[in-house]
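The lines below spell out each chain.
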Amino acid sequence: MGRNAAPALALAGVLMLAVAVCAPASAGSTGSIAPSPTDPFYQPPSGYASTAPGTILRSRPVLLAAFGVLPEPVRAWQLLYRSTDWQGDPMATVTTVLLPTGGTPKGLLSYQIAEDASAARCAPSHALLLGGDLGEVVNQAELVAIDAAVAQGFAVSVPDYEGPDSEWGAARQPGYAILDGLRAAQRFAPLGLPGPATPTGLWGYSGGSLALLATAGSQCEVANLAGHALINMSDYLTVSFNDFLALPAVTAAFDQLDLGGTTPTAPIYVYHAVHDELVPIAGADATVRDYCAHGDSVSYVRHEVGEHASVMLTGMPAALDWLTNRLAGGPAPVGCTTTTAIAAPAPK
């Protein structure tokens with residue numbers, strides 16, 4: 001998630017299980033089967049490049065489903081909108097937006113699914129739909145966090161932040177896509193939001209690791225994890241993996257992805273497992289130190305119990321409560337706080 005705009009993310013998330021049993025007729029019939037990446041809906045109209053970032057180019061109602069088979073009882077749409085790629089050129093990508101029941105939404109959340117793949121069919125706009133590929137079961141499980149936000153009364157935007165070419169790990173581009181997806185959602189009349197005045201937050205967890213392997217380009221997260229477990233990357237290189245990482249070109253590329261170089265001006269909540277086996281906590285500690293050196297409001301919770309996947313679940317309630325308090329107008333905590341706890345402390 002280390003992009004220029006992306007550090008504003010509230011780094012929180014959850015593994016989830018959705019148990020909805022039916023979708024309302026008002027959701028529309030479009031989207032009963034997950035579209036293919038070659039669906040013409042994803043192709044921007046001519047002249048789109050001259051429009052402003054966040055401009056809605058096309059929309060359609062869709063049906064969401066937990067694990068591709070259990071329809072979600074929520075109204076949802078896909079928006080094709082104008083954004084910017086990592087090179088600064090115009091691009092068009094898609095966000096899936098959800099509308100809570102019971103009146104005008106309290107606010108808007110952008111939820112970033114940990115796609116961890118470079119195949120277009122693994123993008124959220126494919127994975128979350130009825131008929132979605134079960135190869136993306138981990139990301140489909142994140143509907144429980146999205147559902148929790150909707151249940152709190154928030155409209156939710158779930159962007160395809162890797163863009164139309166599924167450029168996993170590209171610098172800056174995910175930040176542009178996330179923020180422009182929020183602009184598009186704020187402008188989408190069926191959500192009933194007050195435009196830029198909408199209380200708006202960002203939520204995401206994890207992101208996984210990068211693979212530069214050909215097969216990974218055509219598979220989703222589960223297949224990539226299963227197929228590349230316990231591999232020693234030095235066996236595939238003419239130098240050691242550590243020497244490869246030290247090459248100037250490689251170092252420069254990773255420097256563009258590092259969090260902490262730019263501190264968000266918005267309040268930020270970070271949580272992480274002390275014993276995270278996938279993303280060592282030393283990196284999170286260093287990033288938070290950088291944020292704390294320049295930020296006005298940084299709340300960091302280190303979970304002593306649990307590892308990467310379980311803390312996605314145990315950290316979710318406090319993270320969502322923290323976001324809810326901020327978007328409801330509650331004052332952000334002042335200064336930088338770091339807490340190491342067995343369970344997440346009560347949000348402030």
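Residues numbered from 1 in each chain as written. Predicted model: local features only at pLDDT ≥ 70, side-chain atom pairs only at ≥ 80, totals over all residues. Heavy atoms only, no water.

(A) Structural view of the overall build of the protein chain. Broken down by element type, the protein chain carries ten helices and twelve strands. Burial status across the protein chain gives 49% buried among its 348 residues. In the protein chain, of all internal contacts separated by at least 6 residues, the share reaching a separation of at least 24 is 77%. Looking at the protein chain as shown, the accessible area adds up to about 15,000 Å², and 61% of this sits on carbon and sulfur atoms. (Helix = DSSP H or I, 4+ residues; strand = E, 2+ residues; numbered from the N terminus. Buried < 20%, exposed > 50% of the residue type's maximum accessible area, 1.4 Å probe, protein only. Contact = heavy atoms within 4.5 Å. Areas by Shrake-Rupley, 256 points an atom, 1.4 Å probe, with all protein chains shown as cover.)

(B) Spotlight on helix H8 (residues 281-294). In this model, H8 (14 residues) spans 20 Å end to end at C-alpha, consistent with the 20 Å of a helix rising 1.5 Å per residue. Those residues of H8 that sit buried are Ile281, Ala284, Asp285, Thr287, Val288 and Tyr291. In a view along the axis of H8, the buried residues occupy a sector of 165 degrees, so they form one face of it. Opposite the packed face of H8, turned more than 90 degrees from it, sit the exposed residues Ala282, Arg289, Ala293 and His294. Residues of H8 that are buried sit in contact with strand E10 (268-273), strand E11 (297-303) and strand E12 (335-341). (Expected span 1.5 Å × (residues − 1). Arc of directions from axis to C-beta.)

(C) Representation of the pairing of E11 in the model. The buried fraction of E11 is high, at seven of seven residues. Alternating positions in E11 separate into two faces, Ser297, Ser299, Val301 and His303 on one and Val298, Tyr300 and Arg302 on the other, with burial throughout. Across six bridges, the pairing between E10 and E11 is parallel. Counterpart to Tyr271 in the pairing with E11 is Val301. (Pairing = 2+ DSSP bridges.)

(D) Structural detail: the packing of aromatic side chains. A complete count under the given rule lists six aromatic pairs for this structure. Note on Tyr111 and Trp203: the rings are 5.3 Å apart at their centroids and 80 degrees apart in plane angle, and the pair reads as edge-to-face. Pair noted here: Tyr111 is in strand E7 (residues 107-112) and Trp203 is in strand E9 (residues 200-204), with a separation of 92 residues, a long-range link. Grouping aromatic residues by their ring pairs yields a cluster made of Tyr205, Tyr269, Tyr271 and Trp322. The ring of Phe41 carries Arg60 above its face, with NZ or CZ at 4.0 Å from the centroid. Sitting over the ring of Trp322, Arg326 keeps its end group 5.1 Å from the ring centre. (Phe/Tyr/Trp six-rings, centres within 6.5 Å; stacked < 30°, edge-to-face > 60°. Lys NZ or Arg CZ within 6 Å of the ring centre and 35° of its normal.)

(E) Summary view of the state of the cysteines. One pass over the structure, following the stated rule, counts one disulfide. Each sulfur in the disulfide pair Cys292 and Cys336 lies 1.7 Å from the other. Residue Cys292 is located in helix H8, and its partner Cys336 is located in strand E12; the two are separated by 44 residues in the primary sequence. Its relative accessible area of 36% is what places Cys336 among the partly exposed residues. (Disulfide = S-S within 2.5 Å.)

(F) Up close: the confidence of the model for the protein chain. On average, residues of the protein chain score 78 in pLDDT, and 73% of them are at 70 or above. Ignoring residues within four places in sequence, the model shows residues 1-32, a span with pLDDT below 50, making 122 contacts including any to other chains. This model gives residues 213-218 a pLDDT under 50, and the stretch forms eleven contacts once residues within four places in sequence are excluded. (pLDDT = per-residue confidence, 0-100.)

(G) Broad picture of the nonpolar core. Residues Leu98, Leu109, Ile146, Val156 and Trp203 are the most contacted members of the largest nonpolar core, which totals 37 residues. Listed by contribution, the elements that provide at least two residues to this core are E7, helix H3 (143-151), strand E8 (154-159), E10, helix H9 (308-314) and helix H10 (316-327). The element best represented in this core is H10, accounting for seven residues. If you look at the next biggest cluster of nonpolar residues, it comprises 18 residues, including Leu79, Val97, Ala155 and Ala177. (Core = buried A, V, L, I, M, F, W, Y, C linked by side-chain atoms within 4.5 Å.)

(H) Fine view of H10. Across its twelve residues, H10 extends 16 Å between first and last C-alpha, which sits within 8% of the 16 Å expected from 1.5 Å per residue. Of all twelve residues in H10, nine are buried, a share of seventy percent or more. Turning to H10, its buried residues are Met316, Ala318, Ala319, Leu320, Trp322, Leu323, Thr324, Arg326 and Leu327. Looking one or two residues past H10, Gly329 carries a phi angle of roughly 95 degrees, positive in sign.

(I) Representation of the side chain of Arg60 in the model. Looking at where Arg60 falls in the secondary structure, it is placed in strand E2 (residues 56-62). A residue is classified by how much of its surface remains accessible, and Arg60, at 15% relative accessible area, is buried. Side chain to side chain, Arg60 and Asp39 meet in a polar contact 3.1 Å long. (Polar contact = N/O pair within 3.5 Å; in protein donor to acceptor, adjacent residues only side chain to side chain.)

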